[in-house]
Amino acid sequence: MYFEKKTLMLYLMWQVLGSSIDILYFEISLQESQNDGYCWICHKEGDVICCETCPRVFHLKCIQLENAPTEDWVCPECVLIMTAENMDTRSRAMRLLTVDQLCVLLRHALARMRTVSGVEPFTKPVDINQFPAYRDYVFCPMDLTSVEKNIKKKQYGSTEAFLADVKWVLHNCIIFNSLQSKLTSIAKSLVKICKHEMQEIENCPDCYLNAHSRKDSWFVAACVSLLGFFNFPPFLSASSSCSR
């Protein structure tokens, strides 16, 4: 019954949002009915409500609700992803991107994230043999190698979906290592860098690609989206390839 209910929920969202939303988001596993045991916002246990489309859970007070929803409920994180993957609400530049092109940009962002100081513990899955209790606390393990595999599988239809996975790294770290841990500080830096990179992609995918693939010459053509805000020197001209 749970699976039928969840399938119906996905179908209804598809009907409401229309076919313009990226189908990749709906490739959600329906094989398990379990959820995370810690609030996505404060990372603590307690009475929580569960999202109908992902494993995340939330305290009512953490999402400023007085009463639990009486109907099927979709969490704020999933709403962000669905909005980002809806062709009617995403930017023109992002609408023009194919999934393959987005994956190229995400690989560049991932490479940038790998340069964060002290990031090594988050680059590969936690060794269960070394930390046998890890899965007793962490419901959805995530690391940069897993993120890279997801990129290869073309599982991300938006920057928000990518960022949501990286946030699991921080969430899991807080749960297993505590908020005061040095590892948590590194995980916070990782998420901060990820947010910055995702915003840069959203600002102008073409400029972001040029900045990483043409490092010595990409700025000779100024992004047309900036020409209205800055007085560029005469030798700079609008980029013919910029999609903004």
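A quick note: this is a predicted structure, and the numbers were derived from the prediction, not measured.

**A few points about helix α8 (residues 182-203)**
Its 22 residues place the ends of α8 32 Å apart at the C-alpha level, agreeing with the 32 Å of an ideal helix rising 1.5 Å per residue. Looking at the packing, one finds that the buried side of α8 touches α3 (92-95), α4 (99-113), α6 (144-152), α7 (159-177) and α9 (205-213).

**Things to note about the pattern of salt bridges**
Here the structure, examined in full by the defined rule, presents 3 salt bridges. One salt bridge in this structure joins K154 and D100, with 2.7 Å as the shortest N-O distance. Placement of the pair is K154 in the loop between α6 and α7 and D100 in helix α4, with a sequence separation of 54 residues. In this structure, E148 and R114 form a salt bridge, with 3.0 Å as the shortest nitrogen-oxygen distance. With E148 in helix α6 and R114 in the loop between α4 and α5 (134-137), this residue pair connects regions lying 34 residues apart in the sequence.

**Examining the packing of aromatic side chains**
Counted by the stated rule, this structure contains 6 aromatic pairs. A ring pair is formed by Y134 and F176, whose centres lie 4.9 Å apart and whose planes are at 75°; its orientation type is edge-to-face. Placement of the pair is Y134 in helix α5 and F176 in helix α7, with a sequence separation of 42 residues. On the basis of relative accessible area, Y134 is assigned to the buried category, the value being 8%. The class for F176 is partly exposed, based on a relative accessible area of 26%. Between Y156 and F162 the ring centres are 5.4 Å apart and the planes differ by 80°, which places this aromatic pair in the edge-to-face class. Like F162, Y156 is buried. Clustering of aromatic rings is evident, with ring pairs tying together F131, Y134, Y137 and F176. Above the plane of the ring of W40 lies R56, whose end atom (NZ or CZ) is 4.6 Å from the centre.

**Some details on the confidence of the model for the chain**
Of all residues in the chain, 74% have pLDDT values of 70 or greater, and the mean over the chain is 83. Contacts for the low-pLDDT stretch residues 1-33, under 50 throughout, to residues beyond four places or in other chains number 55 contacts. Across residues 227-240 the pLDDT falls below 50, and counting only partners more than four positions away or on other chains, this stretch makes 18 contacts in the model.

**Observations regarding the environment of E52**
In this structure, E52 sits in the loop between β1 (49-50) and β2 (57-58). It is 6.3 Å that separates the C-alpha atoms of E52 and D72, two residues lying 20 residues apart in sequence.

**Thoughts on the packing of α4 against α8**
Packing of α4 against α8 leaves a shortest axis separation of 10 Å and a crossing angle of 150°. Taken together, α4 and α8 sit at an angle that is classed as roughly antiparallel. The two elements α4 and α8 meet at a crossing, and its hand is right-handed. Together, L105, L106, A109, R112 and M113 of α4 and L190, I193, C194, E197, M198 and I201 of α8 make up the contact between the two elements. Across the contact of α4 with α8, the residue classes break down as 9 nonpolar, no polar and 2 charged.

**Concerning a positive patch on the surface**
Where like charges cluster on the molecular surface, the positive patch consists of R107, K149, K152 and K153. Within the secondary structure layout, K153 lies in the loop between α6 and α7. Assessed through its relative accessible area of 56%, K153 is described here as exposed.

**Describing the packing of α7 against α8**
Two elements in contact, α7 and α8, have axes separated by 9 Å at closest approach and are oriented at 170°. One finds that α7 runs roughly antiparallel with respect to α8. Along its contact with α7, which presents T159, F162, L163, V166, K167, V169, L170, C173, I174 and N177, the element α8 presents L183, T184, A187, K188, L190, V191, C194, K195, M198, I201 and E202. Looking at the contact of α7 with α8 residue by residue, the class counts come to 14 nonpolar, 3 polar and 4 charged.

Definitions and cut-offs
- In this convention, every chain numbers its residues from 1, walking through the sequence in written order.
- A pLDDT threshold of at least 70 governs which residues receive local features in this predicted model, and a stricter bar of 80 or more applies before side-chain atom pairs are shown or counted, although totals over entire chains, interfaces and linings include all residues.
- Based on all heavy atoms of the structure, the side-chain values leave hydrogens and waters out of the count.
- Under the scheme used here, helices are H or I runs from DSSP no shorter than 4 residues and strands are E runs no shorter than 2 residues, and both carry numbers assigned from the N terminus.
- Helices are assigned an expected span. That span is 1.5 Å times one less than the residue count.
- We call two residues in contact when some of their heavy atoms are within 4.5 Å.
- The rule for a salt bridge is simple: a side-chain nitrogen of Lys or Arg has to be within 4 Å of a carboxyl oxygen of Asp or Glu.
- Any two of the Phe, Tyr and Trp rings considered here, Trp counted by its six-membered ring, make a pair once their centres fall within 6.5 Å; the pair's planes then place it as stacked at under 30 degrees, edge-to-face at over 60, or tilted in between.
- Burial classes follow relative accessibility: with a 1.4 Å probe on protein chains only, a residue under 20% of its type's maximum area counts as buried, one over 50% as exposed, and anything between as partly exposed.
- Two thresholds decide whether a charge sits over a ring: the Lys NZ or Arg CZ must be within 6 Å of the ring centre and within 35 degrees of the ring normal.
- The quantity known as pLDDT measures the predictor's confidence residue by residue, on a range of 0 to 100.
- Under this scheme, a helix contributes an axis fitted over its contacting stretch, all axes are lines through C-alpha atoms, and angles between N-to-C directions fall in the 0 to 180 degree range.
- The scheme is simple: roughly parallel for angles under 35 degrees, roughly antiparallel for over 145, roughly perpendicular for 65 to 115, oblique for anything else.
- When the near helix sits turned anticlockwise from the far one by under a right angle, the crossing is termed left-handed; a clockwise turn instead gives a right-handed crossing.
- Polarity classes work like this: nonpolar for Ala, Val, Leu, Ile, Met, Phe, Trp, Tyr, Cys and Pro, charged for Asp, Glu, Lys and Arg, and polar for all others, with Gly in that last group.
- The patches reported here contain residues having more than 30% relative accessible area and no salt bridge. Joining distances are 9 Å for like charges and 5 Å for nonpolar side chains (Val, Leu, Ile, Met, Phe, Trp, Tyr).
- Under the convention used here, a 1.4 Å probe and the Shrake-Rupley method define accessible areas, while residue burial counts only the protein chains that appear.
- Here the positive residues are Lys and Arg and the negative ones are Asp and Glu; neither His nor the chain ends is included.
- To locate a charge, the coordinates of NZ of Lys, CZ of Arg, CG of Asp or CD of Glu are taken.

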